[in-house]
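Structural overview for review
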Amino acid sequence: MPLAEEYFKAGKIASEVRERVKKSINIGSKLIDIAEAVEQSVVSRGAQPAFPCNICLNSVAAHYTPQINDDLKVREGDVVKVDFGVHINGYIVDTAFTLSFNVKYDAMVRAVEVMLQEALKVIKADVKAGEVGRAVQTAAQRLGFKPIVNLSGHAIAPYAVHAGLSIPNTYTAGTPSLKLGQVYAIEPFATTQKGAGVVVNGPSTNIFSLVARKPLGDSSLNLFADELWSRFRTLPFTYRQIRDLGDAAWLEHAVKTLIQKRVLRGYPMLVEARSEFVAQAEHTVTPVENGVVVLTE
Ligand code: MN
Ligand code: MN
């Protein structure tokens, strides 16, 4: 079956937004302004954010999205990762890039782009996910960096950013293969030789998604969960996207309660285990008989 037309439209939008935003980021840019510019550009092109724009600095690898009163700015010496998703009717693409404002890390940022390109070169229908990992790992080693072993690419399905299959960033035996007509995000992460090559949970969680629907024994919580479902389905969200649903204290209480009841899950921020800097690159692709179509190229 041919891929839904929405995937191609979402991919083109993601690509345009990525290239535009890349040029707009400078020392002094506020992270919240970058994130809102990404999300608004997606909406203005007729699509929706598939998750809140993640902007991770330095040793933060993933799962940080700026908050309403976030003071964080890009500073001299920073390595800035911007990771965002676009969906049309639930058909999702996912893309990311890294900018270096630190000469010490320019080579690592270039390396992760090469790691991504090497991964794309081996992808075609029925290639094992572990072979993609091998390409990423080999490129990382050749260029003098470590891949992050516990972050991976992933299959994408309608309304599901992470849909089962993982595409590792190191060679892994016994993995399933990538299938014709399926959509995958390929996302190598690199750190320095001093790094552990592993991420661990950081101090905060500000991204959540619905994982179940059930009566909560409290009408305001039931309404809250209904509203989350109607806005996001199973896609991730953050506080600034629901600020109209209650004051900050109530929202925090409601989110905490829904996590305890296993209706929501949280995605803690992920940091490099030895606090070394991390770079990331990501495209969404679909394998074909003799190669790959890069939807977010
Ligand atoms: Mn991503
Ligand atoms: Mn991804």
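Residues numbered from 1 in each chain as written. Chains lettered and ligands numbered in written order. Predicted model: local features only at pLDDT ≥ 70, side-chain atom pairs only at ≥ 80, totals over all residues. Heavy atoms only, no water.

**Examining the overall build of the protein**
In terms of regular secondary structure, the protein is built from six helices and 14 strands. Taking 2.2 N^0.38 as the reference for a compact globule, 297 residues should give roughly 19 Å; the C-alpha atoms of the protein span a radius of gyration of 19 Å, in line with that estimate. Overall, the protein is about 55 × 50 × 35 Å in size when its C-alpha atoms are taken along their principal axes. For the protein, with 297 residues in total, the buried portion stands at 54%. Sequence separation of 24 or more characterises 76% of the internal contacts of the protein that already satisfy a separation of 6 or more. When the accessible surface of the protein is totalled, it reaches about 13,200 Å², and 52% of it is carbon and sulfur. The positive charge centre, built from 32 side chains, and the negative charge centre, built from 30, are 3 Å apart in the protein. (Helix = DSSP H or I, 4+ residues; strand = E, 2+ residues; numbered from the N terminus. Rg over C-alpha atoms; globule rule 2.2 N^0.38 Å. Buried < 20%, exposed > 50% of the residue type's maximum accessible area, 1.4 Å probe, protein only. Contact = heavy atoms within 4.5 Å. Areas by Shrake-Rupley, 256 points an atom, 1.4 Å probe, with all protein chains shown as cover. Lys, Arg positive; Asp, Glu negative; His and termini not counted. Charge placed at Lys NZ, Arg CZ, Asp CG, Glu CD.)

**Overview of the packing of helix α1 (residues 5-24) against helix α2 (residues 31-44)**
At a closest axis distance of 10 Å, the pairing of α1 and α2 adopts a crossing angle of 145 degrees. Between α1 and α2 the crossing geometry is right-handed. Of the residues in α2, those in contact with Ile13, Val17, Arg20 and Val21 of α1 are Ile34, Val38, Ser41 and Val42. By residue class, the composition of the contact of α1 with α2 is six nonpolar, one polar and one charged. (Axes fitted to C-alpha atoms, helices over the stretch in contact; angles between N-to-C directions. Left-handed = near helix turned anticlockwise from the far one by under 90°. Nonpolar A, V, L, I, M, F, W, Y, C, P; charged D, E, K, R; others polar.)

**Section: the coordination of the manganese ion (ligand 1)**
Donor atoms from the polypeptide that bind the manganese ion (ligand 1) are Asp83 (OD), Asp83 (OD), Asp94 (OD) and Glu282 (OE), placed at 2.1 to 2.4 Å. Here the donor residues for the manganese ion (ligand 1) map to a single chain with the spacing D-x10-D-x187-E. (Donors = N, O, S within 2.8 Å, 3.2 Å for Na, K, Ca; no water.)

**Things to note about the domain arrangement of the protein**
Often the size quoted for an interface is simply the accessible area lost on bringing the parts together. Entries for the protein in the domain assignment read domain 1 (5-201 + 270-294) and domain 2 (204-269). A separation of 25 Å is found between the C-alpha centroids of domain 1 and domain 2. Listed as interface residues are 26 residues of domain 1 and, on the opposing side, 15 residues of domain 2. Taking both sides of the interface into account, the surface hidden between domain 1 and domain 2 amounts to around 1,600 Å²; carbon and sulfur atoms contribute 61%. Area buried by domain 1 at its contact with domain 2 is led by His63, Ile68 and Tyr159, which between them contribute 35% of it. In this assembly, domain 1 and domain 2 are joined by one salt bridge. The partner of Arg240 in a salt bridge is Glu39, with the nearest N and O atoms 2.6 Å apart. If you look at where domain 1 meets domain 2, you find seven residue pairs in polar contact (both at pLDDT 80 or more). For the side of domain 1 that touches domain 2, the secondary structure elements donating two or more residues are α2, β1 (48-57), β2 (60-62), β10 (199-210) and β11 (264-272). Among the elements that take part in the side of domain 1 that touches domain 2, β1 stands out by supplying five residues, more than any other. For the side of domain 1 that touches domain 2, the residue count by class is 18 nonpolar, six polar and two charged. (Domains from an automatic or database assignment. Buried area = accessible area lost by both parts, 1.4 Å probe. Salt bridge = Lys/Arg side-chain N within 4 Å of Asp/Glu carboxyl O. Polar contact = N/O pair within 3.5 Å; in protein donor to acceptor, adjacent residues only side chain to side chain.)

**A few points about the environment of Arg134**
Along the chain, the position of Arg134 falls in helix α4 (residues 129-143). When the C-alpha positions of Arg134 and Ala157 are compared, they lie 24 Å apart, and in sequence the two are 23 residues distant. Aside from chain neighbours lying at most four places away, what touches Arg134 is Thr170 and Tyr171.

**Some remarks on the coordination of the manganese ion (ligand 2)**
Distances from the manganese ion (ligand 2) to its protein donors, namely Asp94 (OD), His154 (NE2), Glu187 (OE) and Glu282 (OE), fall within the range 2.1 Å. A distance of 3.1 Å spans the gap from the manganese ion (ligand 2) to the manganese ion (ligand 1), which Asp94 bridges by coordinating each metal. On the criterion of sequence distance, the pair formed by Asp94 in strand β4 (residues 91-100) and His154 in strand β6 (residues 153-156) is long-range, its members being 60 residues apart. Across the pair, exposure class does not vary: Asp94 and His154 are buried alike.

**Section: the packing of helix α5 (residues 219-232) against helix α6 (residues 248-260)**
In contact at an axis separation of 11 Å, α5 and α6 are set at 85 degrees when each is read in the N-to-C sense. When the axes of α5 and α6 are compared, the pair comes out roughly perpendicular. Facing α5, whose interface residues are Ser220, Leu221, Phe224, Ala225 and Leu228, α6 presents Trp250, Leu251, Ala254, Val255, Thr257 and Leu258. (Parallel < 35°, antiparallel > 145°, perpendicular 65-115°, else oblique.)

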